[in-house]
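# Commentary on secondary and tertiary structure
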Amino acid sequence: MSRQRGDARQPAGTTVPSGRRAPGHTVAALTVAVLVAAGAAMGSINLLVDDVIRPGASRWIYGATMLLLGVVAATLAVRRRIGRWTIFALVLLGDLIYLVIALSVTDPLRYATPLMMLFAAFVAAWFLDGWMLVAHLVVTPVIVAVALAGSYDDVAGLLVQVCVDAGVLDLAAAGVFVLRRRIERLLASTQELSRRDPLTGLGNRRHLEEQARRVWRQSRRDGVRVAAMVLDLDHFKQLNDAHGHAAGDAVLRSVAAALTASVRPTDVLARLGGEELAVLGMVGDPTEAHRLAERLRRAVAGARTASGHVVTASIGIALVRPAEGEDPVDGLWRLLDLADAAMYQAKQGGRDRVATVPAPRPPSAPAASVVAGTADEMGGETADAGAA
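Residues numbered from 1 in each chain as written. Predicted model: local features only at pLDDT ≥ 70, side-chain atom pairs only at ≥ 80, totals over all residues. Heavy atoms only, no water.

The helix and strand tally for the protein chain stands at 12 helices and 6 strands. Within the protein chain, buried positions represent 44% of all 388 residues. Across the protein chain, every contact between residues at least 6 apart in sequence was considered, and the portion connecting residues at least 24 apart equals 75%. As displayed, the protein chain has an accessible area near 19,300 Å², and 60% of this comes from carbon and sulfur atoms. (Helix = DSSP H or I, 4+ residues; strand = E, 2+ residues; numbered from the N terminus. Buried < 20%, exposed > 50% of the residue type's maximum accessible area, 1.4 Å probe, protein only. Contact = heavy atoms within 4.5 Å. Areas by Shrake-Rupley, 256 points an atom, 1.4 Å probe, with all protein chains shown as cover.)

Have a look at this one:
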């Protein structure tokens, strides 16, 4: 049976090939670089305006600070890589730079408003969390107080201004942080839904492909075989026609629950579509694969809906020794095609049984890479429990 492969060729969490940077790190680095460059450009305008910068050393310190911002922005743009600790350091540097600017200008209230710290506040809120974000929120009022201290003769006036400015900055940062967390939860929920079958709660084709990479890697490391099993519910169309799709859906959910309780923790259980399911796992030999398939067959036969509907399953098995350098997704679908052929043999043999068929090796794999269980290896080609 022909299958369409899923489009999840590069799932989240996979290693980025050598020479390529993780997209998230690149976006973060460029975003911070643009913000730092914008701050440097805006701050440099003050150097062109008379009576803004204090005369003497303050002018050189101010100019050096703007130059430092430009160097930081250029470095981030070239490297296109940034980590959590680097962002935290840049946020604190941004707070400190605002203080330097405020102490370098003639009138901080006019030329160095605390709203300049919005750059650091937004970066901290979007990229940091935990104690790092809290540290920034605590540092903000301290920096504002020191920066504006020379502009007020009375402490009360200074405290009011600090509360207003620091409060706005911290509330803005907190608001962006809450928005970011909501977006992250929505994205995580969407990603999880994209990997799950909505009816049964089992993994779908995308999930199966993602897990294949793990299974292939572990199989090569441990020197064991990969087993793929295709399960097709017997006479499911007749059940739908006779009792309605609601009854069919209930049967699928019941079977999914029974199989979930029967597979091993390391196995991958997924719904391929319709009444067809798949199990992907690792086994030491064909006999172990056959025992697992028999357990799954009995689990399906024992599943019963609230209305008393039951079904049986025909199961096909295929085994492989993953070859070094083989693409796991390609190998997965080749293996499932072989298991699918075995499943049809079980159908033709009377249903409600386990079967396997000899399988040719993949064109790119060594001659011994594919293990086709024979009737002797599997302890008999079928295990008959009575036709459905």
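Quick look at the nonpolar core now. With 46 residues, the main nonpolar core has Ile82 and Tyr98 as its most contacted residues. Those elements giving two or more residues to this core turn out to be α1 (23-44), α2 (57-79), α3 (84-104), α5 (118-127), α6 (131-148) and α7 (155-194). It is α3 that contributes the most residues to this core, 9 residues altogether. Ranked by size, the runner-up nonpolar core spans 32 residues in total, among them Met229, Leu231, Val263 and Leu319. (Core = buried A, V, L, I, M, F, W, Y, C linked by side-chain atoms within 4.5 Å.)

What follows covers the layout of surface pockets. The computed volume of the largest pocket comes to approximately 530 Å³. Lining the largest pocket are 26 residues, and of these Gly39, Leu69, Ile101, Met116 and Phe119 lie nearest its centre. For the lining of the largest pocket, the elements supplying multiple residues, two or more each, are α1, α2, α3 and α5. Grouping the constituent residues of the lining of the largest pocket by class yields 21 nonpolar, 5 polar and no charged. (1 Å grid on protein atoms, 1.4 Å probe; cavity = no way out; pocket = protein on both sides within 12 Å on 5 of 7 lines; lining within 4 Å. Points joined across faces, edges and corners; volume = space filled by probe spheres on them. Nonpolar A, V, L, I, M, F, W, Y, C, P; charged D, E, K, R; others polar.)

The next subject is unusual backbone geometry. Within the chain, arginine 80 stands out as a residue other than glycine whose phi angle is a positive 55°. Relative to the helices and strands, arginine 80 resides in the loop between α2 and α3. With a relative accessible area of 40%, arginine 80 lands in the partly exposed category. Backbone geometry places histidine 235, a non-glycine residue, at a positive phi of 55°. Relative to the helices and strands, histidine 235 is located in the loop between β1 (225-233) and α9 (236-243). For histidine 235, a relative accessible area of 30% puts it in the partly exposed group.

Our focus in this paragraph is the pattern of salt bridges. A side chain of one charge can pair with a side chain of the opposite charge when the charged atoms of the two come close. Considering all chains together, one arrives at 18 salt bridges under this definition. As a salt-bridge pair, aspartate 222 and arginine 221 come within 3.7 Å of each other at their nearest N and O atoms. We classify aspartate 222 as partly exposed; its relative accessible area is 43%. When the shortest N-O distance is used, the salt bridge between aspartate 232 and lysine 347 registers 2.8 Å. (Salt bridge = Lys/Arg side-chain N within 4 Å of Asp/Glu carboxyl O.)

What follows covers the side chain of serine 219. Mapped onto the elements of the fold, serine 219 is located in helix α8 (residues 205-222). Among residues more than four places away in sequence, those in contact with serine 219 are Val224, Arg225, Val226, Met282 and Pro322.

Look at helix α10 (residues 245-262) against helix α11 (residues 286-302): their axes get within 9 Å of each other, and the N-to-C directions meet at 145°. Here α10 runs over α11; the crossing is right-handed. Residues Val255, Ala258, Leu259 and Ser262 of α10 lie in contact with α11, whose contacting residues are Arg295, Leu296, Ala299 and Val300. (Axes fitted to C-alpha atoms, helices over the stretch in contact; angles between N-to-C directions. Left-handed = near helix turned anticlockwise from the far one by under 90°.)

The full count for this structure, using the stated rule, is 3 aromatic pairs. The interplanar angle of 75° and the centroid separation of 6.4 Å between the aromatic rings of tryptophan 85 and phenylalanine 88 together place this pair among those described as edge-to-face. Of this pair, tryptophan 85 and phenylalanine 88 both sit in helix α3, 3 residues apart, which is roughly one turn of that helix. The exposure class assigned to tryptophan 85 is exposed, which follows from its relative accessible area of 58%. A relative accessible area of 9% places phenylalanine 88 in the buried class. Ring geometry for phenylalanine 88 against tryptophan 131: centres 5.2 Å apart, planes inclined by 75°, an arrangement best described as edge-to-face. One end of the pair, phenylalanine 88, is in helix α3; the other, tryptophan 131, is in helix α6, and 43 residues separate them in sequence. Members of the aromatic cluster, joined through ring pairs, are Trp85, Phe88 and Trp131. (Phe/Tyr/Trp six-rings, centres within 6.5 Å; stacked < 30°, edge-to-face > 60°.)

All right, on to α6 then. Between its first and last C-alpha, α6 extends 26 Å over 18 residues, near the 26 Å set by a 1.5 Å rise per residue. Remark: the principal bend of α6, roughly 25°, maps to valine 139, with a proline, proline 141, within the next four residues. Looking only at α6, the buried set comprises Met132, Leu133, His136, Thr140, Ile143, Val144, Ala147 and Leu148. Contact partners of the buried residues in α6: α3, α4 (108-111), α5 and α7. (Expected span 1.5 Å × (residues − 1). Bend = angle between axes of the 7 residues up to and from the residue.)

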